[in-house]
Amino acid sequence: ERLFGTPNTTPYVKDAFHSYIIQNETTAVNPAQTGTKAAAVYRLQIPSGATYTLQLQLCAAEYHPPQQDVATIFQQRRAEADQFYADIQPASLTEDEKRVQRQAYAGMLWSKQVFYYDMEQWLKGDLAAPPPPAQRKIGRNSEWQHLNNFDIISMPDKWEYPWYAGWDLAFHCIPLAQVDMEFAKQQLILLTREWYMHPNGQLPAYEWAFGDVNPPVHAWAAWRIYEMDGKRDTLFLKRIFHKMLLNFTWWVNRKDAEGRNIFQGGFLGLDNISLFDRSTPLPTGGYINQSDGTAWMGFYCLVMMNIALALAEHDAAYEDMAIKFYEHFLWIAVAISGSTRGGVGLWDEDDGFYYDVLRLPDGQALPLRVRSLVGLMPLIAVETIGQETLNRFPAFARSIGWLTQHRPDLAANLSRSDVPGYGSAHLFSIPNEDHLRRVLHYLLDENEFLSPFGIRSLSKHHEQQPYHVTLGGQTFGIDYQPAESRSGLFGGNSNWRGPVWFPINYLLIEALRKYHRYYGSDFLVEYPTNSGQMLTLDAIANDLTRRLSALFLRDADGERPVFGGNTRFQTDVHWRDYVLFYEYFHGDNGAGLGASHQTGWTGLVADLLQQQ
């Protein structure tokens, strides 16, 4: 009634506790002591410096339990929790590493919340309220009329981001699987159900714009969890695979404007990392052929190939799907290199880097020479297939042989070698060996992407050399900003212009290990660039893992980089061991930034410590 002037259906309404406590309106609560909400009220006078302890036990009305020793109960529960984590955590971790990992796991378990969004109800309005404005029926999310969400879901940060985010959730499920495997599986299946997934195959992004395009990481998360669970739950894998076929088809049909296996995608979760807001029509007209969008689709193909091969162990029909996906990957890999007939690729031979390409209405193709994560993403599209797999799937092996002989143009991104102890091995990857080395030169350069605490989202090169382009009388620019972004390009303070973000770092580390599995210990790279020190890709992956973990661990001075210059958090005995898992991290000093309380994907540090 206070909001809309419409009579309430009951005199006992939502703000009753406030009215009762603050305004002393005793009639605000139901004297019958019944209802859907209740609160305990204690009136205490506590002197300055004094302590007062309340002990409350909840039970059914007819049950009168004996008074229990609260201290003993707490000791028992702590012992149970200690035993739970002792069974999970490697004994080789230091006490500080165990402390950080345990808090990351606990934060993941804490960050669950009921999410309720009934689209039909939202469009029609509440029965007890005035009808919503007419524009709502054609406004935000109106094309998601099937959506009806009412589930417990892992939030990015239920204090600051109390809603699910499609690609965030996929990363959440990796550490969650270590402590609650069934919940992690259920979360991934949930977003593919018919009351979430759009009938056209798109997965919902988040409540303010379900139609935004998030990176396709859902299938990858399902595959990783299947591996973590001992490769046993084929039913879970099948359920995900079938729905991912719909999603993959949506991508191919909706996000490849020219039908040439170069993808646009749009937003793709990276906020304002581009010169333009990629989630809206470009001010220049035309569209952007995205290096990251195309790389994500190559990555998607290889994950689906892996899943299909795993399912083919039990049902030979899936072998055909494995062949379909690896061939589709090869078309994407050739397209991004610019090798297809009439195609304009995204690889820049002069710079040795992948760039987005702006396709203007007049047909002009303009490379956007920004060294950012979009140019590193092709590295993650990599997979190895060994002799044992080829022996198990002869049709798959014959297909590779046929392509190598009859379509050498496609097989250019398919390498083969004999690996000691591994047999004949094939490498599927977007970059060939030369392109890989050239991109790694930037990736591992401390004056470019390599920070003391992981890989930056934008090269530090752009601190002194901002990139600008003038089109149609307008100038667009981007420069390195290691902390909060000063640009309001995407919804205000968007922040992929320099800070370290966990999810992409995690995938890059995983990719480096796959390249090492194929190229072996003879493949050495200078690390850091210009240091003269040559390391294997596996050793580099280990050091990147160490750098990311070091964000939260005490350094030689006893300080945690994540706390930056906050003296209380660094030194106060009551604060210094309570770690905050931030949204992202300063690109130079590692200080935590953005949302602070277990921002979901930062919980990946628990898995990095487990791998370590």
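Residues numbered from 1 in each chain as written. Predicted model: local features only at pLDDT ≥ 70, side-chain atom pairs only at ≥ 80, totals over all residues. Heavy atoms only, no water.

Our focus in this paragraph is the overall build of the protein. When helices and strands are tallied, the protein shows 19 helices and 18 strands. Summarising its shape, the C-alpha atoms of the protein cover approximately 85 × 60 × 55 Å along the three principal directions. Across the 612 residues that make up the protein, the buried fraction comes to 52%. Pairs at least 24 residues apart make up 67% of the contacts formed inside the protein by residues separated by at least 6 positions. For the protein, the accessible surface area stands at approximately 28600 Å², while carbon and sulfur atoms represent 51% of it. Each charge sign in the protein was given a centre, from 51 positive and 68 negative side chains, and these centres are 3 Å apart. (Helix = DSSP H or I, 4+ residues; strand = E, 2+ residues; numbered from the N terminus. Buried < 20%, exposed > 50% of the residue type's maximum accessible area, 1.4 Å probe, protein only. Contact = heavy atoms within 4.5 Å. Areas by Shrake-Rupley, 256 points an atom, 1.4 Å probe, with all protein chains shown as cover. Lys, Arg positive; Asp, Glu negative; His and termini not counted. Charge placed at Lys NZ, Arg CZ, Asp CG, Glu CD.)

What follows deals with the environment of L544. With respect to the helices and strands, the residue L544 is situated in helix 17 (residues 537-549). On the basis of relative accessibility, which here comes to 2%, the residue L544 falls in the buried class. Linking L544 and V29, residues 515 residues apart in sequence, is a C-alpha distance of 57 Å. Non-local contacts of L544, meaning those with residues more than four positions away in its chain, are made with L450, I455, I509, L512 and Y527.

What follows concerns the packing of aromatic side chains. Considering all chains together, one arrives at 48 aromatic pairs under this definition. Where F552 meets F585, the ring centres are 5.6 Å apart and the plane angle is 90 degrees; that geometry is what we call edge-to-face. Of the two residues, F552 sits in the loop between helix 17 and helix 18 (567-571) while F585 sits in strand 17 (residues 584-585), which places them 33 residues apart along the sequence. Of the residues examined, F585 reaches a relative accessible area of 0% and is grouped as buried. What links up through ring pairs into an aromatic cluster is the set W167, F171, W220, W296, F299, W496, W501, Y506, Y584 and W601. If you follow K112 out to its NZ or CZ, it ends over the ring of F183, 4.2 Å from the centre. Positioned above the aromatic ring of F236 is the side chain of K185, whose terminal nitrogen or guanidinium carbon lies 5.8 Å from the ring centre. (Phe/Tyr/Trp six-rings, centres within 6.5 Å; stacked < 30°, edge-to-face > 60°. Lys NZ or Arg CZ within 6 Å of the ring centre and 35° of its normal.)

Moving on, we come to helix 14 (residues 433-443). Because each turn of an α-helix spans 3.6 residues, side chains separated by three or four positions end up pointing in the same direction. Buried within helix 14 are the following residues: H435, L436, V439, L440, Y442 and L443. Projected down its long axis, helix 14 carries its buried residues within an arc of 155 degrees, all on one side. Structurally, the start of helix 14 carries an N-cap: the backbone nitrogen of D434 is 3.1 Å from a side-chain oxygen of N432. (Arc of directions from axis to C-beta. Polar contact = N/O pair within 3.5 Å; in protein donor to acceptor, adjacent residues only side chain to side chain.)

Tallying each qualifying case throughout the model produces 36 salt bridges. The shortest N-O distance in the salt bridge between E510 and R224 comes to 3.0 Å. Placement of E510 in helix 16 (residues 502-519) and of R224 in helix 7 (residues 218-228) is noted, with a sequence separation of 286 residues between them. No difference in accessibility class separates E510 from R224, as the two residues are buried. (Salt bridge = Lys/Arg side-chain N within 4 Å of Asp/Glu carboxyl O.)

Our next topic: unusual backbone geometry. With an omega of -15 degrees, the peptide bond between Y527 and P528 qualifies as cis. Phi is positive for Q33, close to 60 degrees, though the residue is something other than glycine. By the element assignment, Q33 lies in the loop between helix 1 (16-21) and helix 2 (70-88). The exposure class assigned to Q33 is exposed, which follows from its relative accessible area of 67%. In the Ramachandran plot, N261 falls in the positive-phi region, its phi being about 65 degrees despite a non-glycine side chain. Of note, N261 is situated in the loop between helix 8 (234-254) and strand 3 (287-289). Judged by relative accessible area, which is 16%, N261 ranks as buried.

Moving on to the sheet that holds strand 3. Read across the sheet, 3 strands follow the order 3-6-7 without closing on themselves; strand pairing throughout is antiparallel. Both outer strands of the open sheet, strand 3 and strand 7 (365-368), are each paired with one neighbouring strand and no more. On average, adjacent strands in this sheet sit at an angle of 30 degrees to one another, irrespective of strand direction. Taken together, the 4 bridges between strand 6 (residues 356-359) and strand 7 define a ladder with antiparallel strand orientation. Paired with V357 across the bridge in strand 7 is P367. (Pairing = 2+ DSSP bridges. Axes fitted to C-alpha atoms, helices over the stretch in contact; angles between N-to-C directions.)

What follows is about the pairing of strand 6. On strand 6, burial covers both faces: D356 and L358 on one face and V357 and R359 on the other are all buried. Bridging between strand 3 and strand 6 involves 3 bridges; their strand directions are antiparallel. From the neighbouring strand, N289 faces strand 6, where its bridge partner is V357. The hairpin turn running from strand 6 into strand 7, its antiparallel successor, is 5 residues long, and G363 in that turn takes a positive phi close to 95 degrees.

What follows concerns the packing of helix 8 against helix 9 (residues 291-312). What describes two packed helices is the angle between their axes and the distance between those same axes. Where helix 8 contacts helix 9, the axes come no closer than 10 Å and their chain directions differ by 150 degrees. The way helix 8 lies across helix 9 gives a crossing that is left-handed. For the pair helix 8 and helix 9, contact is made by T234, L237, K238, F241, M244, L245, N247, F248, W251 and V252 and by M297, Y300, C301, M304, I307, A308, A310 and L311, respectively. Along the lines of polarity and charge, the residues of the contact of helix 8 with helix 9 split into 15 nonpolar, 2 polar and 1 charged. (Left-handed = near helix turned anticlockwise from the far one by under 90°. Nonpolar A, V, L, I, M, F, W, Y, C, P; charged D, E, K, R; others polar.)

A general tendency of soluble globular proteins is for nonpolar side chains to be buried together. Grouped together as the largest cluster of nonpolar side chains are 149 residues, with contacts concentrated most on W220, W296, M305, F396, F428 and F552. Considering each element in turn, this core owes the most residues, 16 residues, to helix 9. Apart from the residues within four sequence positions on either side, M305 is in contact with A322, F325, Y326, E383, I385, F396 and F428. (Core = buried A, V, L, I, M, F, W, Y, C linked by side-chain atoms within 4.5 Å.)

Looking now at the packing of helix 7 against helix 8. Direction vectors running N to C along helix 7 and helix 8 enclose 170 degrees, while the axes themselves pass 10 Å from each other. Overall, the two elements helix 7 and helix 8 adopt an arrangement that is roughly antiparallel. Note on element contacts: helix 8 touches helix 7 through T234, F236, L237, I240 and M244, opposite H218, A219, A222, W223, I225 and Y226. Of the residues belonging to the contact of helix 7 with helix 8, the class tally is 9 nonpolar, 2 polar and no charged. (Parallel < 35°, antiparallel > 145°, perpendicular 65-115°, else oblique.)

To continue, consider the environment of L56. Looking at where L56 falls in the secondary structure, it is placed in the loop between helix 1 and helix 2. L56 sits in the exposed class, given a relative accessible area of 59%.

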